[in-house]
Amino acid sequence: MEMDLFSATFDSNKTAPLADRMRPRTIDEFIGQEEILGPGKLLRRAIEADRVSSLILYGPPGTGKTSLAQVIANKTTSHFVRINAVSSGVKEIREILEKAQERLHHYTQKTLVFCDEVHRFNKGQQDVLLPPIERGIITFIGATTENPYFEINSALLSRSTIFRLSLLSDQEIRIGLEKALEDKERGLGNYRTEIYPEAFQHWIDHAAGDLRRALNALELAVLTTSPQTSIRKIDLETAKESIQERHFRFDKGGDNHYDIISAMIKSMRGSDPDAALYWLAVLLESGEDPRFIMRRILVHASEDVGLADPTAMLQAHAAANALEWVGLPEARIPMAQAVLAISTAPKSNSVVMAIDQAMEHVRKTKVGPVPSHLRDAHYPGAKNFGHGSQYLYPHSYPGNWVKQDYLPEEAKGIKFYESSGKGTDKNRGKP
């Protein structure tokens, strides 16, 4: 069923939640996202000129994706329609598109279709939108918390401009809370309240960049606090009760999952033990699979430290073994030890560079036969073919080394391993 956007969703009635009532009505009321909505920015110019083209708004919850759609809805002369990614089937979408074509033909009015949670669209739903977008019958706005490059098909992406919304800063969260407290029409301005500074800061800290979360906590605290001599006093304890747990922005199936593990890996590689421990703690507190974390620790003990300090790999393996034997929470300690061992060790990527170059060479060139002197001479009849007959046993020579060819003729002289000269990654191999 076609529905005018925000006729129901953005209810300014006092029964609506505070976060809903305080949605911006104009671009000047919008809080945050200066990198895409600041003066002179492309998206701001397009909104002000009512020239918005198809776009995807991508960002975490509470950063203003739907609010931005409301601002566009209030500004545009296009007919605004909202569809639901879960409940709007292909048949309903086709009906909306048919009406959009009639509207354009008879009244020269374009239709702007908004879809929240667009990543929940299946391929059929996405595909049916492509022709009308291509022909200019509709302008499409999709909002998603998921990485659109993973969740939205390439054809729809190619017809849309992607804008990424960021978490709000502490100051922006504070501005949003203060506006809600002052606004007598839509906010809590008709309540006489006194918010203790530490209570305010608690909401800001625990909102984690999500203004909706902070506003929900503010509203709950104000409405459930009895006035004392006509003033509702909100102390730290009340603030804690209204937003009890610090919000972790973490999705095991989304790109945030990979962003955090990437941050831990890069902190280890960059020799910052405190940052590496911070991201490890975020992963553990967020409920990430500890084996997933441990696999990355194992890889980077070799990739980023390798021969510069081979004991880093031993520490990583010991931590992995401890995880299997004792599990969490105790395994957090050996896991942290492995992370610290990697972070504080001398760094060398000679191992990964060597194997990657070797594999690239093997993929692109002819693989030569094993030289006769290196072939297995133990099976019956091998010596009859001369296998191993000219092999020089290194331990029979001074320094346990003797000059000898180990590569086939096709790869003779090639060099994959280069010592980094860091830690123990030097003076290896032949004397």
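What counts and what doesn't
Residues numbered from 1 in each chain as written. Predicted model: local features only at pLDDT ≥ 70, side-chain atom pairs only at ≥ 80, totals over all residues. Heavy atoms only, no water. Helix = DSSP H or I, 4+ residues; strand = E, 2+ residues; numbered from the N terminus. Rg over C-alpha atoms; globule rule 2.2 N^0.38 Å. Buried < 20%, exposed > 50% of the residue type's maximum accessible area, 1.4 Å probe, protein only. Areas by Shrake-Rupley, 256 points an atom, 1.4 Å probe, with all protein chains shown as cover. Phe/Tyr/Trp six-rings, centres within 6.5 Å; stacked < 30°, edge-to-face > 60°. Axes fitted to C-alpha atoms, helices over the stretch in contact; angles between N-to-C directions. Parallel < 35°, antiparallel > 145°, perpendicular 65-115°, else oblique. Left-handed = near helix turned anticlockwise from the far one by under 90°. Contact = heavy atoms within 4.5 Å. Nonpolar A, V, L, I, M, F, W, Y, C, P; charged D, E, K, R; others polar. pLDDT = per-residue confidence, 0-100. Pairing = 2+ DSSP bridges. Right-handed = clockwise from strand over helix to strand, strands pointing away.

### Brief notes about the overall build of the protein
(1) Moving on: Helix and strand counts for the protein come out as 18 helices and 8 strands.
(2) Moving on: Since a compact globule built from 431 residues should have a radius of gyration of about 22 Å, the 31 Å found for the protein marks it as more spread out than a globular shape.
(3) Moving on: Viewed in the frame of its principal axes, the protein has a C-alpha envelope of about 95 × 65 × 40 Å.
(4) Moving on: Put simply, the protein has 431 residues, and 44% of those count as buried.
(5) Moving on: Summed over all atoms, the accessible surface of the protein reaches about 23500 Å², with 52% contributed by carbon and sulfur.

### Regarding the packing of aromatic side chains
(1) Moving on: The final tally for this structure, using the stated rule, is 2 aromatic pairs.
(2) Moving on: Here the aromatic rings of Tyr-278 and Trp-279 are separated by 4.9 Å at their centres, their planes lie at 85°, and the arrangement is edge-to-face.
(3) Moving on: Look at Trp-279 and you get partly exposed, because its relative accessible area is 27%.

### Structural notes on the packing of helix α15 (residues 290-305) against helix α17 (residues 332-344)
(1) Moving on: Contact pair α15 / α17: the axes reach a minimum separation of 10 Å and the direction vectors enclose 25°. As judged from the angle between their axes, α15 and α17 are roughly parallel. Where α15 crosses over α17, the handedness of that crossing is left-handed. Between α15, through Pro-290, Ile-293, Met-294, Ile-297, His-300, Ala-301 and Val-305, and α17, the contact on the second element is made entirely by Met-335, Ala-338, Val-339 and Ile-342.
(2) Moving on: Partitioning the contact of α15 with α17 into residue classes produces 10 nonpolar, 1 polar and no charged.

### Side note on the confidence of the model for the protein
Any residue range with low pLDDT should be treated as having predicted coordinates unsuitable for detailed reading.
(1) Moving on: The pLDDT averaged across the protein works out to 87; a share of 91% of its residues lies at or above 70.
(2) Moving on: Note that pLDDT drops below 50 for residues 5-11; the model gives that stretch 21 contacts with residues more than four away or on any other chain.

### Points about the pairing of strand β5 (residues 138-144)
(1) Moving on: In terms of burial, β5 is largely enclosed, as 7 of its 7 residues are buried.
(2) Moving on: By the alternation rule, side chains of β5 split into Ile-138, Phe-140, Gly-142 and Thr-144 and Thr-139, Ile-141 and Ala-143, which are all buried.
(3) Moving on: Note: strand β4 (residues 111-116) against β5, 5 bridges, orientation parallel. From the neighbouring strand, Val-113 faces β5, where its bridge partner is Phe-140.
(4) Moving on: Handedness of the β-α-β unit built from β4, helix α6 (residues 123-134) and β5 comes out right-handed.

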